[in-house]
Amino acid sequence: MKKVGILGGTFDPPHTGHLIVANLIREELSLDEIWFVPTYDSPHKDSVETNSYHRYEMTKLAIADNKFFKVIDWELKQSNKSYTINTMKHFKNKYPNTEFYFIIGADMVEYLPKWESIETLLELMTFVGVNREGFSMESNYPIIKKRIPNIFISSSYIRKRKTNNQSIRYLVSDDVHSYIKEFNLYENK
C-alpha cells in the first residue's frame, strides 16, 4: 500500500519551513510521497493575501527539485472554502489503496476538536503533529507526534518582511523569491 503525506495550507508564500517539515516527516515515516495541497480559502483564516494561481505556481516552484514532492490543485479547483473532510473523501475515493498521513503543526493539533467532521477524518487518515513554539501537541485524538527542529519561519512573517522592503532571501527558495519579485507580490501598496 502506498503511503502519502498531505501538507495542506495557503502557501502564501511557500517557504523553506514547509519544505523542511515535509522532508523530515517523509523520511521519518518512510512515506512514498508528500502532496502539497494549497487551499482555495482556508476555514481557519479570514482571507488569503494572494490569489490561488500565484500560490499554486509558487508551490510548484518550491518543490520542483524534490522527486518525492507533488502539488495537488484539487482544493483550488473547488473555488470555495476548503474543508479537509471534502478533500480526504475525494482522495480516498480516487486512491483507495493509499494510506494518508495529514501533517499539521501543534497549533492545529490544539484546534482538532473544532475541525469539520473530525471523527470521520480519523477514519480516512492519520494525523501527524509536529511541534511548534508556544503550542502543545497534547490531544484526545490519536495522532503521531513528531519532534522536529524549531522552525521560526511563517508565511505571514515573510509577507511582513516583504511589505517592509526587507530581504526574504533564504526564507523561500530562489525560484519562489524570483517569482515574488517578478509579480511584485506582497509589496507595500
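Since the structure is predicted, the reported quantities are computational estimates derived from the model, not experimental observations. (Residues numbered from 1 in each chain as written. Predicted model: local features only at pLDDT ≥ 70, side-chain atom pairs only at ≥ 80, totals over all residues. Heavy atoms only, no water.)

Participant: Any chance you could explain the overall build of the protein here in plain terms?
Facilitator: The number of helices and strands found in the protein is eight helices and six strands. Start at the N end of the protein and walk to the C end: the helices and strands fall as β-α-β-α-β-α-α-β-α-α-β-β-α-α. Taking 2.2 N^0.38 as the reference for a compact globule, 189 residues should give roughly 16 Å; the C-alpha atoms of the protein span a radius of gyration of 16 Å, in line with that estimate. The principal-axis extents of the C-alpha atoms in the protein amount to approximately 45 × 35 × 30 Å. Scored against the burial criterion, the 189 residues of the protein give a buried share of 50%. Put simply, of all contacts in the protein between residues at least 6 apart along the chain, 70% involve residues at least 24 apart. (Helix = DSSP H or I, 4+ residues; strand = E, 2+ residues; numbered from the N terminus. Rg over C-alpha atoms; globule rule 2.2 N^0.38 Å. Buried < 20%, exposed > 50% of the residue type's maximum accessible area, 1.4 Å probe, protein only. Contact = heavy atoms within 4.5 Å.)

Participant: Honestly, the nonpolar core in this entry has me stumped. Any pointers?
Facilitator: Soluble globular proteins: nonpolar side chains tend toward being buried together. By size, the foremost hydrophobic cluster in this structure holds 31 residues, and its most contacted members are Ile-25, Ile-34, Phe-36 and Ile-103. Of all the secondary-structure elements, those providing two or more residues to this core are α1 (16-28), β2 (33-38), α2 (52-63), β3 (69-71), β4 (98-105), β5 (126-130) and α8 (174-182). With sequence-adjacent residues up to four places away left out, Ile-34 is seen in contact with Gly-5, Leu-7, Ala-22, Arg-26, Phe-68, Phe-69, Lys-70 and Ile-103. Core analysis: the second largest hydrophobic core is formed by 23 residues, Ile-72, Val-109, Trp-115 and Leu-121 among them. (Core = buried A, V, L, I, M, F, W, Y, C linked by side-chain atoms within 4.5 Å.)

Participant: Would you mind showing me how to read the environment of Thr-87 here?
Facilitator: Locating Thr-87 in the fold gives a position in helix α4 (residues 84-94). Spatially, the C-alpha atom of Thr-87 lies 23 Å from that of Lys-67, the residues being 20 residues apart in sequence.

Participant: For this particular structure, what's the right way to read the packing of α2 against α8?
Facilitator: In a packed pair of helices, the relevant descriptors are the angle between the two axes and the axis-to-axis distance. Between α2 and α8, whose axes approach to 8 Å, the crossing angle comes to 150°. Here α2 is positioned roughly antiparallel relative to α8, judged by the angle of their axes. Between α2 and α8 lies a crossing of right-handed hand. Of the residues in α8, those touching α2 at Tyr-53, His-54, Glu-57, Met-58, Leu-61 and Ala-62 are Asp-175, Val-176, Tyr-179 and Ile-180. (Axes fitted to C-alpha atoms, helices over the stretch in contact; angles between N-to-C directions. Parallel < 35°, antiparallel > 145°, perpendicular 65-115°, else oblique. Left-handed = near helix turned anticlockwise from the far one by under 90°.)

Participant: I'm lost on the confidence of the model for the protein in this one. Help?
Facilitator: Low-pLDDT portions of the prediction should not be read for the details of their coordinates. In this model, the protein carries an average pLDDT of 92, and 95% of its residues clear a pLDDT of 70 or more. Ranking the elements of the protein by mean pLDDT puts helix α5 (residues 106-111) last with 90 and β3 first with 98. (pLDDT = per-residue confidence, 0-100.)

Participant: Before we go on, may I ask you to explain the sheet that holds β2 in this structure?
Facilitator: Note on sheets: strands pair through backbone hydrogen bonds, and any given pair is parallel or antiparallel. In space, the six strands of this open sheet follow the order β3-β2-β1-β4-β5-β6, with parallel pairing throughout. The strands lining the two open edges of the sheet, one partner per strand, are β3 and β6 (143-146). Taken pair by pair, the neighbouring strands of this sheet meet at an average axis angle of 30°, ignoring direction. Taken together, the five bridges between strand β1 (residues 2-9) and β4 define a ladder with parallel strand orientation. What sits directly across from Lys-2, in β4, is Thr-98. Helix-sheet contacts for α2 involve β2 and β3, and the interaxial angle to β3 is about 165°. (Pairing = 2+ DSSP bridges.)

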